[in-house]
Amino acid sequence: MVYTVIMSGGLGSRFWPKSRVSMPKQFLKTVGDKTMIECTVERIMNIIPKERICVVTNKRYVPIIQNLLGIEEKNIFKEPMNKETASCIGLAAVKLLKRDFEAVMVVLPSDHVIIGQEEFEKTLKTAIDAARDGDYLVTMGINPTRPESGYGYIEKGEEIETGIYKVKRFVEKPNVDVAKSFIEKGSYYWNSGMFVWRADRLLREIKKYLPELYRSLMRIYEAVDTPEEDRVIADEYSKIDGISIDFGVMQRTHRAVVLDTSFTWDDIGSFTALERFLNKDKQNNVISNCEAGLYEVENTMILGNKRLIAGIGIKDMLIVDTDDVLLICPKDRCQDIKNLVKELAGNDEFERFM
Ligand SMILES: Nc1nc2c(ncn2[C@@H]2O[C@H](COP(=O)(O)OP(=O)(O)OP(=O)(O)O)[C@@H](O)[C@H]2O)c(=O)[nH]1
Ligand SMILES: O=P(O)(O)O[C@H]1O[C@H](CO)[C@@H](O)[C@H](O)[C@@H]1O
């Protein structure tokens, strides 16, 4: 059977200070009036029934997820700590395999915006059909519109069925110059970060490329549904070296295929990504959730809280106000918020702001 696996344990640190450890961005109403994880569930429900929607998350978020989604506890796969997406997806694979030896997993991040529900459903059905036999790791390719260095790039090879191509090359997060050259070539997609594969196929690829992780996952597999499960997961997670599925498996596998897509997609990975979905004034400023008194301010993004935000002679800046933290930085440095958060999180004095 086909299951959805929603990855929802990330900290969303590029969205700090709006996103906090206690309430990361997937649980916030970032675009529209529903939380991002609710939108993810709604998007998939026409294709996969709720009883087969699973969420992998840090154990601290279980109450939030139950409250927002009303998902059965057996479908919430709890991680004791964050070890990136290869282990998160690997854990879901062993949990599902124990339930269903032919499980097909539709792996979805919990924080994307997709416009074009019909096209999305159509693509997903094709992806599921392509993955069902177990030969392929199916990715969904987005036609790139800018040399974004925060994404993975997929070069398409031979067309094996209409709209389905062998992956010639998968390059995770190239620098901007390399990304530019990919776009000029015209044969590259962005990796959407959504994947479809059989759980057993994924585990065979993990065995080949991440053997240590595979051994941990097999020990977890043995313990699933026994009284030892939580303890074994905690033991193994403490040993796992975190790596993303993209660097760990997708860049190395020979079994990836890519589907051409036609829906509008964004991963809302950073504040500037969010900016693309918000209204702008005549000076190209985004002013959200507050009043602003601006004099000669241009191309600036202001996400407010309760206060009036006033400014003079500012250009290309990001201002994020919350009850206890005010963040100010140039817009083109907004990816560095993740580094700032890492640095601040290492300091006891700032822990309460994280
Ligand atoms: N369960 C689980 N989910 C994860 C983990 N890391 C990331 N995710 C989820 O995977 C998706 C993509 O995550 P990223 O955008 O790479 O990371 P993020 O933590 O959301 O954001 P940043 O901290 O800003 O990079 C999101 O839905 C995250 O919630 C993890 O270790 N465990
Ligand atoms: O972990 P990150 O930074 O969100 O990157 C992942 O998602 C990107 C799309 O959101 C993909 O483009 C990347 O290849 C990767 O899967």
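Because the structure is a prediction, the values reported are computed rather than measured.

Quick rundown of the overall build of the protein chain? Include the residues and the values.
Secondary structure assignment for the protein chain yields 11 helices and 17 strands. Its C-alpha atoms give the protein chain a radius of gyration of 21 Å, near enough to 20 Å, the size a compact globule of 354 residues would have. Each principal axis of the C-alpha atoms in the protein chain carries an extent, and together these give about 65 × 50 × 35 Å. Taking as baseline every contact in the protein chain between residues at least 6 positions apart, the subset at least 24 positions apart corresponds to 65%. With the model as given, the accessible surface of the protein chain reaches about 16,700 Å², and the carbon-plus-sulfur share is 48%. Computed over 50 positive and 55 negative side-chain charges, the separation of the two mean positions in the protein chain equals 2 Å.

Provide a residue-level description of unusual backbone geometry, including the pertinent values.
Leaving glycine aside, a negative phi is the common case for residues, and trans is the common case for peptide bonds. Each neighbour pair has its own omega, and for tryptophan 16 with proline 17 the value is 10°, a cis peptide bond. Within the element layout of this structure, proline 17 appears in the loop between strand 1 (2-7) and helix 1 (36-44). In this model, lysine 173 sits at a positive phi of 45°, which is unusual for a non-glycine residue. For lysine 173, a relative accessible area of 44% translates into the label partly exposed. At glutamate 296, a position not held by glycine, the phi torsion is positive, near 55°.

Residue-level account of the site of ligand 2, with values.
Looking at ligand 2, the residues that line it are Arg14, His112, Tyr151, Gly152, Glu172, Lys173, Asn191, Ser192, Gly193, Asp246, Trp265 and Asp267. With respect to ligand 2, the backbone of glycine 152 contributes an N or O atom lying 2.9 Å from an oxygen atom. Aspartate 246 places a polar side-chain atom, nitrogen or oxygen, 2.8 Å from an oxygen atom of ligand 2. No other element matches the 3 residues that strand 9 (residues 188-198) contributes to the shell around ligand 2. In the shell around ligand 2, the residues fall into 2 nonpolar, 5 polar and 5 charged.

Please give an account of the environment of glycine 32 that cites residues and values.
With respect to the helices, strands and loops of the structure, glycine 32 is situated in the loop between strand 1 and helix 1. Residue classification places glycine 32 among the exposed positions, given a relative accessible area of 57%. Residues glycine 32 and serine 238, spaced 206 residues apart in sequence, show a C-alpha to C-alpha distance of 38 Å.

What counts as what
- Residues numbered from 1 in each chain as written.
- Chains lettered and ligands numbered in written order.
- Predicted model: local features only at pLDDT ≥ 70, side-chain atom pairs only at ≥ 80, totals over all residues.
- Heavy atoms only, no water.
- Helix = DSSP H or I, 4+ residues; strand = E, 2+ residues; numbered from the N terminus.
- Rg over C-alpha atoms; globule rule 2.2 N^0.38 Å.
- Contact = heavy atoms within 4.5 Å.
- Areas by Shrake-Rupley, 256 points an atom, 1.4 Å probe, with all protein chains shown as cover.
- Lys, Arg positive; Asp, Glu negative; His and termini not counted.
- Charge placed at Lys NZ, Arg CZ, Asp CG, Glu CD.
- Buried < 20%, exposed > 50% of the residue type's maximum accessible area, 1.4 Å probe, protein only.
- Near = heavy atom within 4 Å.
- Polar contact = N/O pair within 3.5 Å; in protein donor to acceptor, adjacent residues only side chain to side chain.
- Nonpolar A, V, L, I, M, F, W, Y, C, P; charged D, E, K, R; others polar.

So, to be careful, I would describe these as geometric facts and stop short of saying anything about function.
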